[in-house]
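Residues per chain are reported as follows:
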Amino acid sequence: MTSPPHPVPKPRACYMKDILSSTSPLDKDMNVETLQPFVSNGIHLSRGEGAPPLLTCVGSDCGTIFPTSIGVSDIITTSIPLLAGNDTPPTPLPPPSLENMVNTDKYQTPSVLNNGDAHTDVTGLSQLVMSALEQGAGVPLPPLEQAAELTEDVCKRSPHTIKEQSPYVTVLSCWASQDEADTDSSNEEEDTVVGPTPSSHPNTKDPSGCLVPTRPAPAPPRSSGHSGKPLKQKTPRAATIRVSRKKGGGAMLTSPNAVVRASWLDVWKGFRHNVLWATLDGQLMSLWKKRTDHFSEVLFHVSSITNVKKQDKGRFSVHIKKKNYDFMAHNEEVQRGWVTSLLATRGQPSPAPPELHGPITIKDPRSRVYAAVWGHDLWIYPNKEGFQLGIASFSVPLNVALVKCTGKHSFSLITPYKSFNLSVDSSKELAVWLDGLSLSIRSALSNSNVLLRLWENPDNKVCGDCGSANPEWASVNLLLVICQACAGQHRALGSNLSKVRSLKMDNKVWNEPLIQLFVAHGNRLANKVWAPAVPAAEQLSAWSSDEERSKFIQAKYRLGCYRRVHTLAFSFSLMDQRLRQVVCGDNVEETMSLICSGAKVCPSDPQVPSSILLAERAGQSLQTELLRLNEYTDVPPYLPQNRDSASLGEEEEELHGKLEEDRFLFSLENESAACDVLDLREVLSVFLKEGQANQFEMVTLNNQLVCAADNKEALLSHLVHILKVILPGGVSNEKMVGASAVSKVCVVDVGGSSSHSDAWLLLMEDGVSLQPVHKPTQQTLMMDLDMISHHEMDPTESIITMVTAERRVSLRFEEQHSCECWFSQLQTALTNRRKAPRSTPTANQGAARRSLYPVKDFLRGSVPPAIERCISHITSFGLNVDGVYRRCGLATKVTKLVQSLMTSPSSTPLESDEQGVLDAASALKQYVRQQEGLIPEPERPQWIHAAMIADEHSRLSSYRRLLRKLPDDNRATLNALFGHFYMVQVFSKVNRMSAQNLAVVLVPTLFQTLNQDLLSLTREFIIHHTLLFLTPEREEEEEEQITVF
């Protein structure tokens, strides 16, 4: 029976650490810096100047070079006599000859040769050398040619492959498995090897009296997942709110076969945690932030996977060479499915080498990446190391892309989803990239002329239903380009709803007006009408099964579940009348909306001219073609959705939720992996629950969720977070905190004019706010509850109408439940408003406002309570404080004050001493700076131009005109601020804050920039506050007339 081989020392990566951990306590005081002369940078031994080279070739392989133990033993026996057993160091002798060294080595060097049968104990000798050599010794090593034969023999006996390293390093194998040696653990912490120290194994002497170093007993091989130091347990972030919803709201994609999988997974790369949508299609594994994203966060080919390990509690890890990702599924069934599918993909061949690869720069935001062209895709890697490992960030499908040169070293890659602005380092590289990308794009395209023309519109380069690349079919009456798989499902709808034609074969149908319709509108318009918002869980994908395609396409077109109907859909006669008006112009989008909402192209009354005839007379060829194709189209009738009745009998499920940026993560347990993720942009309405403490309801595209918080503060923090995501910019925190009902609506009628625009409707304690989605073209509408004289709801059309003395407003809700809840909340608010005691203008709030800043009856709009609170405090305690608004408050305290002012301004703790006043003033400036749109950025050039007017009277008149253009709330807020600053500068002899000093401090707060014109403007607004804000328009007009006269 042969004796087991000696353990093989650890690899170079752990070399220094093992030395320091296994030496005596005295030697541990020698740090890495002390060892630098002997182990420079941890990779080679130092030697004296002029010493012969340490390199030698081992056999015929000169790629792996080793210094042998002969030279090391010579150092021990001749240069370090203490280690040779001598009590006193002898007088240094001249270096012995090479022959003497070889002849005496076997007698003076212990455990080196041992008859040539055992491995050399190099580590034991190395430890003695490291602990005994003094800094700066600089002992030269002799030539090692004579050791080539011995070293080659040792190498041949090693069971592990020795990699090529620095010629000054002996590369050693490891006790652990190769997987553990090469894996960059996601724990990102090395395990400390626990073992006996050398002091417990004293050195012995051989019969000749020489010191024999005895190596410590090696640590046993560690099993995977165990170490001397416990690993930090990775757990998802704890939930912050309880959620109740109907079951089925988070339905997952089915798996057509064993190697196709998709679900939400908690993912760790190192200790960086995220929840991502993971997909596996048999070839590629992708990680996405949202199910509807077109570009992934992580992407790799299954051939890059080196190992898959199943762990406990739903965890498993995927190893890719030196990197690994740790995953956690929300139950063991999902975990088992992923591990099985990943193991089933093992053995997949690697893709062919890329045709083109190299570094490239992406603009917006600017980042340096590594790119490679694989087939018909451009893969983007974070760096070259990612390219070598096979781990990319995302890929760009070139078969739906266009490439254009945009500069000397830059070009653009345009896709239906996003345009990438790229640049390279030279014109030569630019030419190579342009040629390579253009070749890949051309190789993916067809030669059909009709097809190429339709693909000029990037939206038409993917299927309008499932997103497959390069669709070759179309539904001509719906202006929809589709793939072959979806074309089969469209035929099942019937030709009265969808007319399917080929882009390659049906050449007769493709006349010029029809081609122009597809190029100008195509999939963008079709989906804008039929599917403007589809729940992520119900989205169709390129790999969906035929059953899923049939279900989705029937729901989309036959049932009209996702359709955005025209605002006149409640009346067929009004729609027919509107259609005859629209076809005389070039508004194809509204024509399409009317047709898909049920308007009839052929009138039932023969006395009424048809829309086709009217379009021909008006010379509208595109309208005529669209009408002819839809002459007998039979679309489903419009039926307002009532989710309450649709969800009757469905079982509810209790979940734990937590917010993360624009997503809502759900889990079955408090700290378990996420089982579903909601994109907050799918939220249609948010309501505070009446009579329920700390609860609110969210209505999404396909579900209703009731969220319960532990306290009011947690409720408000979650509510404000959600509203900040879904509401357009410029809505203040006070409105978000004070809102009891928020819904997305379509504006049907405002004061007799029909706008058909999207907006968000907010119900607050004292009024209603209508926030348009597209603010540059529309203004915010405010209605005080006291001014609403009539309100009504049409449940069949999901329309609420509110009437005041000035206007009538009609709003259509996305679905019936939101309409009913909002109307109920409105009635409750109006009832509470009428029951509340009326305050006289001279009492309470009115008197307080007049004491803070002047207010006239003709001024409308409200001032944020946070600003009024700060103004009140500073007016009461800070007018005499030296340098108020110029001196800064305590940063940490100011931050807390701003956060408190945003959520509960009335209870914000403001101190009355000098430091408390400075903190309040700094908080007010920071709060005002965060109010986006107080002076809208697009209008700021007009303000600067007005400040440059030389004539004072004309300049002030321009200021007043600009103020009148502002929304009422903005104008009221500016009036409060400048009225307060006017009062501060009145006390300038005491506080030394004149109008000029205040202007210098306040310009960056109001305009986020500083220049002389804005400085003069702010100073004049303070000095002429009464003239600019408190003078009625009639008095100004009379003054102008007298001046002209």
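Cut-off values and rules
- Residues numbered from 1 in each chain as written.
- Predicted model: local features only at pLDDT ≥ 70, side-chain atom pairs only at ≥ 80, totals over all residues.
- Heavy atoms only, no water.
- Helix = DSSP H or I, 4+ residues; strand = E, 2+ residues; numbered from the N terminus.
- Buried < 20%, exposed > 50% of the residue type's maximum accessible area, 1.4 Å probe, protein only.
- Areas by Shrake-Rupley, 256 points an atom, 1.4 Å probe, with all protein chains shown as cover.
- Phe/Tyr/Trp six-rings, centres within 6.5 Å; stacked < 30°, edge-to-face > 60°.
- Lys NZ or Arg CZ within 6 Å of the ring centre and 35° of its normal.
- Patch = residues over 30% accessible without salt bridge, like charges linked within 9 Å, V, L, I, M, F, W, Y side chains within 5 Å.
- Salt bridge = Lys/Arg side-chain N within 4 Å of Asp/Glu carboxyl O.
- Pairing = 2+ DSSP bridges.
- Axes fitted to C-alpha atoms, helices over the stretch in contact; angles between N-to-C directions.
- Contact = heavy atoms within 4.5 Å.
- Expected span 1.5 Å × (residues − 1).
- Polar contact = N/O pair within 3.5 Å; in protein donor to acceptor, adjacent residues only side chain to side chain.
- Core = buried A, V, L, I, M, F, W, Y, C linked by side-chain atoms within 4.5 Å.
- Parallel < 35°, antiparallel > 145°, perpendicular 65-115°, else oblique.
- pLDDT = per-residue confidence, 0-100.

Trainee: Which residues make up the overall build of the protein chain, and what values do they have?
Mentor: When you go through the protein chain residue by residue, the secondary structure sums to 34 helices and 34 strands. A total of 1045 residues make up the protein chain; the buried ones form 49% of that total. Within the structure as shown, the protein chain displays about 50,400 Å² of accessible surface, and the carbon and sulfur contribution to it stands at 52%.

Trainee: Any details on the environment of G270? Residues and values, ideally.
Mentor: Looking at the secondary structure, you find G270 in the loop between β4 (260–269) and β5 (272–281). Classification of G270 as buried rests on a relative accessible area of 0%. Separated by 36 residues in the primary sequence, G270 and K234 have C-alpha atoms spaced 9.8 Å apart.

Trainee: Quick rundown of the packing of aromatic side chains? Include the residues and the values.
Mentor: The full count for this structure, using the stated rule, is 23 aromatic pairs. Here the aromatic rings of Y885 and F981 are separated by 5.5 Å at their centres, their planes lie at 90 degrees, and the arrangement is edge-to-face. Taken together, the positions of Y885 in the loop between α24 (865–877) and α25 (891–903) and F981 in helix α29 (residues 968–986) put the pair 96 residues apart, joining distant regions of the chain. In terms of burial, Y885 and F981 fall into one category: buried. Taken together, the ring pairs in this structure connect Y885, W943, Y959, F978, F981, F1021 and F1029 into an aromatic cluster. One cation-aromatic arrangement involves K269 over Y325; the distance from NZ or CZ to the ring centre is 6.0 Å.

Trainee: Describe a nonpolar patch on the surface, listing the residues and the values that go with them.
Mentor: A surface patch of nonpolar side chains, amounting to about 330 Å² of accessible area, comprises Y982, V986, F987 and V990. In this fold, V990 is placed in helix α30 (residues 988–991).

Trainee: Outline the sheet that holds strand β20 (residues 480–482), listing residues and values.
Mentor: With respect to topology, 3 strands assemble into an open sheet ordered β20-β19-β21, the strand pairing being antiparallel. What marks the edges here is a single partner per strand, and that holds for β20 and β21 (500–502). Strand after strand, the sheet turns through a mean of 30 degrees between neighbouring axes, direction not considered. For strand β19 (residues 473–475) and β20, the ladder comprises 3 bridges, and the chain directions are antiparallel. Note on β20: the bridge partner recorded for W473 is I482. Sheet strands touched by helix α11 (residues 484–493): β19, β20 and β21. Its angle to β20, the strand with the most contacts, is close to 120 degrees.

Trainee: Pulling in residues and values, what's your account of the sheet that holds strand β11 (residues 356–362)?
Mentor: Consider a sheet: its strands pair through backbone hydrogen bonds, and that pairing is either parallel or antiparallel. Sheet architecture is open: 7 strands sit in the order β15-β13-β12-β11-β18-β17-β16, paired in antiparallel fashion. At either margin of the open sheet sits one strand with a lone partner, and together these are β15 (394–397) and β16 (402–405). On average, adjacent strands in this sheet sit at an angle of 35 degrees to one another, irrespective of strand direction. As paired strands, β11 and strand β12 (residues 367–374) are joined by 7 bridges and run antiparallel to one another. Paired with H357 across the bridge in β12 is A372.

Trainee: Quick rundown of the pairing of strand β13 (residues 377–381)? Include the residues and the values.
Mentor: Burial analysis of β13 places 4 of its 5 residues in the buried class, which makes it a mostly covered element. In this structure, β12 lies alongside β13, joined through 5 bridges in antiparallel fashion. Directly across from Y370, in β13, lies its bridge partner Y381.

Trainee: Now, about helix α22 (residues 816–835): what can you tell me, with residues and values included?
Mentor: For α22, with 20 residues, the first-to-last C-alpha span of 29 Å sits near the 28 Å given by 1.5 Å per residue. Q816, H817, S818, C819, C821, W822, F823, Q825, L826, A829 and L830 are the residues of α22 that are buried. Two or three places before H817, at the opening of α22, E815 has a side-chain oxygen 3.1 Å from that residue's backbone nitrogen.

Trainee: Describe unusual backbone geometry, with residues and values.
Mentor: Of note in this structure, K313 is not a glycine but carries a positive phi near 55 degrees. As for its position among the elements, K313 is in the loop between β8 (307–310) and β9 (315–320). A positive phi angle, close to 55 degrees, is found at L479, a residue other than glycine. One can find L479 in the loop between β19 and β20.

Trainee: Explain the nonpolar core to me, using residue names and the numbers behind them.
Mentor: Counting 59 residues, the largest nonpolar core has L454, C486, W510, F518, Y557 and L627 as its most contacted members. Per-element accounting of this core gives the leading share, 5 residues, to helix α16 (residues 588–597). The contact partners of L454, leaving out residues within four places of it in the chain, are N460, V481, L503, W510, I515, F518 and V519. Counting 58 residues, the second-largest nonpolar core is a separate cluster that includes V928, L963, A976 and L1017.

Trainee: Before we move on, could you go through the packing of helix α28 (residues 952–965) against helix α32 (residues 1012–1023) and cite the residues and values that matter?
Mentor: Here α28 crosses α32 at 85 degrees, and the two axes come no closer than 12 Å. Accordingly, the angle class assigned to the pair α28 and α32 is roughly perpendicular. Of α32, the residues touching α28 (which contributes R955, Y959 and L963) are L1017, E1020 and F1021.

Trainee: Kindly report on the confidence of the model for the protein chain, identifying the contributing residues and their values.
Mentor: On average, residues of the protein chain score 74 in pLDDT, and 70% of them reach the 70 mark or higher. Every residue in residues 82–120 scores below 50 in pLDDT, and together they form 51 contacts with partners more than four places removed in sequence or on other chains. In the model, residues 839–851 has pLDDT below 50 throughout and makes 10 contacts with residues more than four positions away in sequence or in other chains.

Trainee: So what about the pattern of salt bridges? Which residues, and what values?
Mentor: Scanning the entire structure with this criterion turns up 29 salt bridges. Among the salt bridges present, the one from E653 reaches R245, with a minimum N-O distance of 2.8 Å. Of the two residues, E653 sits in strand β22 (residues 652–660) while R245 sits in strand β3 (residues 241–246), which places them 408 residues apart along the sequence. Across the pair E512 and R453 runs a salt bridge, and its minimum N-O distance is 3.0 Å. Of this pair, E512 sits in helix α12 (residues 512–520) while R453 sits in helix α10 (residues 449–454); the two residues are 59 residues apart in sequence, bridging distant segments of the chain. Of the residues examined, E512 reaches a relative accessible area of 36% and is grouped as partly exposed.

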